[in-house]
Amino acid sequence: MKTEHTAVSIYVGIIGMATLLLGLAQILVFAGGTELTVGIMTVPNDFFRGAWGGLVVAFAGALMLSGVREIGDIQQFSKVVLGAILVWIIAGCDIFAMICESIPAGEEAPAFFNSLPGFISGFAPPYAPAVLLLPFSLVIACLIRRWGSSDT
Amino acid sequence: MEGNPGGDAGNGSTVLLIGNPNVGKSMLFNRLTGVNAVVSNYPGTTVDFTRGTLIMHKKTYEIIDVPGTYSLEAKDLAEEVAIKMLNEHRDGVVVVVLDATLIERGMYLLFEVIERGFSLVVALNMMDVAHDKQIAVDARRLQQILGVPVVPMTAISGEGVKDLIDILRKACVTDVMGIKSRLSGDAAETPAISGCTGCGRC
Amino acid sequence: MGLSEDERWALIDEISRQTVKSGGYKQTLGDVLGELTVKPLTGIPVAIGVLYAFWSIFGSFAGALMTDGFMVKFFDRYLLPWIQGMWPDPGTWLYFIFVGDPVADNCFEAFGVLTSGLFVAIGVVLPAVLIFYLMMTVLEDSGYLPRLAVLMDTFLHKIGLHGYAIVPTILGLGCNVPAVTATRILETRKQRFIMMTLLAIFVPCGAQIGIMLKAIPDTIGWVFLYLLIGYGIFGFVLNKVIPGSNPEILIDVPPYHLPAWENVAKKMWNRTKGFLKEAVPFVLFGVLIVNLLYLGGVIQWLSDALAPLFVYWFGVPKETTGPLIAAFLRKDLAVAQLAVIPMTAYQMISSVVLVSIYFPCVATFVVMLKEGWKELVAAVGVLICVVFLYGGLIHLIGILLGVA
C-alpha cells in the first residue's frame, strides 16, 4: 500500500505540474496574442478558450499538486480528484465543441450533414492542452474506483 | 380507520404532503400523482402549493404538495402558505415527510402537526441516502412510539411509494401524552397502539 | 395542547436516541468533494470551471451545431427564397409585414413575420433555450446550485441579498418569468424587491443571450461585463436606499447525487413546452406590431422625436428607437433588429446593453404585477433612473476611452 501511494504521488505530481504549466502557458499565449502550435498541441489565443480555459487548467494543476502529499488521506486525495474533474470538464467541453463543429457540413456545402470522412477529419490533431492531458488524468478515475471510500 | 383512538380521523379525500425543505416532497408528489411538479435538488423549489389527484381503491384523493418548512410559525412566505393549507384542510390526511438522515430536524415540524390534531402518516424518505451513510432508522420502533403509521421509502427510485399509498387509509391522530408514556417504555402494550388496527406494521 | 420549544426538542432527542443508529460513519469521497466545492479557496476555481463549461456547451450546441450548422442554412437558403418567390406582389403592405425586404438574402435582414420571426424563434432561440434548460436542470438536480449559493453568499450580502439569490439570477438567465416567482425563496420584502428589480434590469434571458451570441459574437463579452457591473453597483445602491432588513439565513446543502434522467427529461419537456407556447407567438406577434408601426410611420416619428436623447445622451443612432419598442415585446427580437443597423462596435455594445436594461418584456411585466403592483411601480421607477444613469455612464466611459 505504502509503495503504491508513493508511486501515485509521484505520478500525480508530474501530471499536476504539467497541467499547471500548460494552463499558465495558455494564459501567456492569450496575452501574447498569437496562436501557438507545437507538435500535436495547439494553444488557442482567444479570451474564452485561451485565457479563461487556461485559468481553469492552471487551477486544476494547482489542486492536484496541493493533494500530492499523503495522497492516501481522503482529504488530500479529494483535491487531486477535484483537479482531475476540472481537467475533464475543460477537455470534455473541447471535445464536445469538436463534435458539434463536425456534424454539420461546411457553410458553403449544399448538404446539411457532413460526410463521414469530413466528420472524422474534424477530430484530427492538433489538440488543446486539456484534451492532451485527458488520458493521463484518467488514471485518477481508476484510482477513485480502486480506493473508493474503503481505503482511507 | 374505524378504530382510531382520537376518533376524528380524516375522511381521506385530501392528502397534504408536508416536511422540511428538500426532503423530496415534490418527487413523492410526482410519484403519487403523475402530475409534473418541478423537482430540484435544492431547498425551496416549491414556493407555492401544487395540486394533483390520485385514484386508489376507487377512491379519489386530492394530493397537495405544500412548500417545505421547518416550523409552522409563519416566518416567511413558504411557511405562511403551509399554515394556510393546513387550516383549509383540517379534515385532510397529512403525510409528514421526514429525511431519514435528518429525522431530528423534521420531527419538530412533525410535533407541531401532531399537536394540531391532524390525522397523519409519516413517510420516512431518503432511505437510500441513509443506507449509504450507514444511518439505521428503526421505523417499527418509531411507529410504536408515535402511534401513527411510519413508511420507510425512497421517492427518487419509487421504493415504498406503494406502501405509502396503501397506508394512507390507516392514517390516524396521535397525542403527545401517549407518545411520552410509550417513549418511557412503561406503556408499550397500551390499547392506544393496538387501537391503530390494521396497519399491520405495529 | 401546546408544547414549549424545549419540551419538543427534549422529546425529539429521546425519540431519535431510541430509533436512530448511525454506525461507524466514514467520510466518503463525495462528502469531501462536497466540502471542497463550498470552501472559497477550492470552490471558486470550481465555480469558474463550471461557468466555463456552461458557456462552452451553450456556444457549441446552440451556436456551432444548431444555428450556424443547420438553421442558418435552412432558413437563408431554402425558406427565405421560397417565401420571397411564392408570395405575390413585393410592393404590398402584406408582403412587407409577412416577408419583409424583397431583396434580403438572409433572415436577419428581411424582417417579416414568416422570415425573421420564425428564424429568431425557431432557428436561434429554441436551441439556446433547450440547451440552457438541460444544463440548468443538471446543475439543479446534481446539488451544485446550493453550493454555489453558499459560495456567493458573502458577495451577495453586500448587495442586500443572500446566497440563495443566485437561484433566481441563474433561472433568470433562462427566462425572467420563473425567476420572478423564485424570488419568493428570499425572506424579506426588501430582498424580494431588490432581486426582482435587478432581474428585470440586469439579467438577460436565454433567448436574448442566444440571439446575442448569433448577432454580436465579438462584443457579447462587453455586454455581459456592463450588465454584471450594473448588477453589482445598483444592488449595492438599492441595499443602502431601501429600508428593511437583510437577515442571514442558514443555507441547507443537500448531498450530491446523479440526476435522475426521467426527472431531467420531464423538467426539460415542461420548460420547453412552456417556451413554445408562450414565447413563439410573442415573437411572431412582436414582428407584426413593429412592422405595422413602421408602416404607420409611428416609429419614424418617435425616432425623430427621441433623436436628441439617443444621440446626445446615450450616444447611439436614432434608428435604435424601433428595436427599443420591440424590446418591450421580446428582447431577442430587439437584439436581432439592432444587429442589422449599421453601427460602430461601441454603439452596438451600448445599444444592446440599453435594450437589456430597459423595460422587462411583457411576460415578465405580468408576473411582476402578480407579485404586487406597488413593487412593480417602484421597480419601474428604479428602472427609469437606471436606464438614464447607466446609459449615460456607458456613454461617458465611451467618450473617455475615445470610442464614442
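Above: the structure in question.
**Points about the overall build of chain A**
Helices and strands together make up the secondary structure of chain A, namely 5 helices and 2 strands. Here chain A holds 152 residues, and the buried ones make up 43% of them. Taking as baseline every contact in chain A between residues at least 6 positions apart, the subset at least 24 positions apart corresponds to 67%. Accessible surface, chain A: about 7500 Å² in total, of which carbon and sulfur atoms supply 71%. Between the mean site of the 6 positive side-chain charges and the mean site of the 10 negative ones, chain A shows a separation of 17 Å.

**A look at the overall build of chain B**
Looking only at helices and strands, one finds 8 helices and 7 strands in chain B. In chain B, the share of contacts with a sequence separation of at least 24, taken over all contacts with a separation of at least 6, comes to 69%. When the accessible surface of chain B is totalled, it reaches about 7700 Å², and 52% of it is carbon and sulfur.

**Some thoughts on the interface of chain B and chain C**
How big an interface is tends to be stated in terms of the accessible area lost upon association of its parts. Across the boundary between the two partners, chain B contributes 44 residues, which contact 45 residues of chain C. At the boundary of chain B with chain C, total buried surface from both sides reaches about 3900 Å², with 61% on carbon and sulfur atoms. Summed over the shared surface of chain B and chain C, the number is 2 salt bridges. Joining chain B to chain C, the criterion identifies 6 residue pairs in polar contact (both at pLDDT 80 or more). Of all the secondary-structure elements, those providing two or more residues to the side of chain B that touches chain C are α1 (25-33), α3 (103-115), β6 (135-137), α5 (139-146) and α7 (176-183) of chain B. In terms of residue count, the dominant contributor to the side of chain B that touches chain C is α3 of chain B (8 residues). When grouped by side-chain class, the residues that make up the side of chain B that touches chain C number 25 nonpolar, 7 polar and 12 charged. Relative to strand β1 (residues 20-22) of chain C, β6 of chain B is paired through 3 bridges, and the arrangement is antiparallel. Among the inter-strand pairings, Val137 of chain B is bridged to a residue of β1 of chain C, identified as Val20 of chain C.

**Some details on the arrangement of the chains**
Taken together, the 2 pairs of chains in contact show their highest number of contacts between chains B and C. Note that chain A does not reach chain B: the shortest distance linking a C-alpha of one to a C-alpha of the other is 11 Å.

**Thoughts on helix α11 (residues 206-215) of chain C**
By the criterion of burial, α11 of chain C is predominantly enclosed, with 7 of the 10 residues buried. Among the residues making up α11 of chain C, those that are buried are Gly206, Ala207, Gln208, Ile209, Gly210, Ile211 and Met212 of chain C.

**So, the packing of aromatic side chains**
The full count for this structure, using the stated rule, is 22 aromatic pairs over all chains. Considering the side-chain rings of Trp55 of chain C and Phe58 of chain C, the 5.8 Å spacing of their centres and the 5 degrees angle between planes classify their relative orientation as stacked. Residue Trp55 of chain C and its partner Phe58 of chain C are both found in helix α3 (residues 40-86); the two are separated by 3 residues, about one turn of the helix. Here a set of aromatic residues connected by ring pairs shows up, and it is made of Phe30, Phe47, Phe48 and Trp52 of chain A together with Tyr52 of chain C. Positioned over the ring face of Phe112 of chain A is Lys73 of chain C, at 5.9 Å from the centre of the ring.

**Points about the nonpolar core**
Counting residues in hydrophobic clusters, the biggest one holds 162 residues, and the most contacted among them are Leu161, Leu198, Phe202, Tyr231 and Ile357 of chain C. Looking at this core element by element, the count peaks at 17 residues for α3 of chain C. In this structure, Leu161 of chain C is in contact with Leu156, Leu186, Gln191, Ile194, Met195, Leu198, Tyr231 and Asn246 of chain C, ignoring residues within four places of it in sequence. Leu120, Val122, Ile145 and Val176 of chain B belong to the second-largest nonpolar core, a separate cluster that totals 43 residues.

**Remarks on the pattern of salt bridges**
All names here are of chain C. Applying the stated criterion across every chain, the model contains 8 salt bridges over all chains. Close ionic contact of Arg17 with Glu14 constitutes a salt bridge, the shortest N to O distance being 2.9 Å. Taken together, the residues span about one helical turn, with Arg17 and Glu14 both in helix α1 (residues 5-19) at a distance of 3 residues. Glu14 gets classed as partly exposed once you look at its relative accessible area, which sits at 25%. When the shortest N-O distance is used, the salt bridge between Glu375 and Arg189 registers 3.1 Å. One end of the pair, Glu375, is in helix α19 (residues 373-401); the other, Arg189, is in helix α10 (residues 189-202), with 186 residues separating them in the sequence. Judged by its relative accessible area of 55%, Arg189 falls in the exposed class.

**Description of the interface of chain A and chain C**
Taken together, the 40 residues of chain A in the interface contact 29 residues of chain C. Both faces combined, the contact of chain A with chain C buries some 3000 Å², and carbon together with sulfur accounts for 75% of it. The largest contributions to the chain A side of the interface with chain C come from Trp52, Leu82 and Phe112 of chain A, which together make up 20% of the buried area. Applying the counting rule to chain A against chain C returns 0 salt bridges. Our enumeration of links across chain A and chain C arrives at 4 residue pairs in polar contact (both at pLDDT 80 or more). Of all elements in the fold, only α2 (47-66) and α3 (74-102) of chain A reach the threshold of two or more residues within the side of chain A that touches chain C. Among the elements that line the side of chain A that touches chain C, the one with the most residues is α3 of chain A, at 17 residues. Here the residues of the side of chain A that touches chain C are counted per class, giving 27 nonpolar, 7 polar and 6 charged.

**Examining the side chain of Thr115 of chain C**
All names here are of chain C. Relative to the helices and strands, Thr115 resides in helix α6 (residues 113-142). A distance of 3.1 Å separates a polar side-chain atom of Thr115 from the backbone oxygen of Val99. Contact partners of Thr115, with chain neighbours within four places excluded, come to Leu80, Ile83, Phe98, Val99, Cys107 and Ala110.

**Description of the sheet that holds strand β5 (residues 119-125) of chain B**
Residues and elements named next belong to chain B. A sheet is described by the order of its strands in space; here 6 strands give the open sequence β2-β3-β1-β4-β5-β7, paired in mixed fashion. The outermost strands of the open sheet, each flanked by one partner alone, are β2 (50-56) and β7 (150-152). Each neighbouring strand pair of the sheet contributes to a mean axis angle of 25 degrees, computed without reference to strand direction. Of the strand pairs in this sheet, β2 and strand β3 (residues 59-65) are connected by 7 bridges, and their pairing is antiparallel. Of the residues in β3, the one forming a bridge with Ile55 is Thr60. Docked against the sheet, α5 engages β5 and β7, running at close to 165 degrees with respect to β7.

**Description of helix α7 (residues 144-158) of chain C**
All names here are of chain C. The end-to-end C-alpha separation of α7 is 23 Å, in line with the 21 Å expected for 15 residues at 1.5 Å each. The sharpest bend along α7 comes to roughly 55 degrees, located at Met152. Taken as a whole, α7 has its buried residues at Tyr144, Leu145, Pro146, Arg147, Leu148, Ala149, Leu151, Asp153, Leu156 and His157. Residues of α7 that are buried in the fold lie against α2 (29-36), α3, α6, α8 (166-174) and α12 (220-241). Gly160 occupies a position one or two residues after α7 and carries a positive phi of about 80 degrees.

**Some thoughts on the side chain of Ser71 of chain B**
Residues and elements named next belong to chain B. With respect to the secondary-structure elements, Ser71 resides in the loop between β3 and α2 (77-88). A distance of 3.4 Å separates polar atoms of two side chains, one belonging to Ser71 and the other to Glu73. The residues touching Ser71, leaving out its near neighbours within four places in the chain, are Glu79, Tyr108, Leu109 and Glu112.

Each value, and the rule that gives it
- Residues numbered from 1 in each chain as written.
- Chains lettered and ligands numbered in written order.
- Predicted model: local features only at pLDDT ≥ 70, side-chain atom pairs only at ≥ 80, totals over all residues.
- Heavy atoms only, no water.
- Helix = DSSP H or I, 4+ residues; strand = E, 2+ residues; numbered from the N terminus.
- Buried < 20%, exposed > 50% of the residue type's maximum accessible area, 1.4 Å probe, protein only.
- Contact = heavy atoms within 4.5 Å.
- Areas by Shrake-Rupley, 256 points an atom, 1.4 Å probe, with all protein chains shown as cover.
- Lys, Arg positive; Asp, Glu negative; His and termini not counted.
- Charge placed at Lys NZ, Arg CZ, Asp CG, Glu CD.
- Buried area = accessible area lost by both parts, 1.4 Å probe.
- Salt bridge = Lys/Arg side-chain N within 4 Å of Asp/Glu carboxyl O.
- Polar contact = N/O pair within 3.5 Å; in protein donor to acceptor, adjacent residues only side chain to side chain.
- Nonpolar A, V, L, I, M, F, W, Y, C, P; charged D, E, K, R; others polar.
- Pairing = 2+ DSSP bridges.
- Phe/Tyr/Trp six-rings, centres within 6.5 Å; stacked < 30°, edge-to-face > 60°.
- Lys NZ or Arg CZ within 6 Å of the ring centre and 35° of its normal.
- Core = buried A, V, L, I, M, F, W, Y, C linked by side-chain atoms within 4.5 Å.
- Axes fitted to C-alpha atoms, helices over the stretch in contact; angles between N-to-C directions.
- Expected span 1.5 Å × (residues − 1).
- Bend = angle between axes of the 7 residues up to and from the residue.

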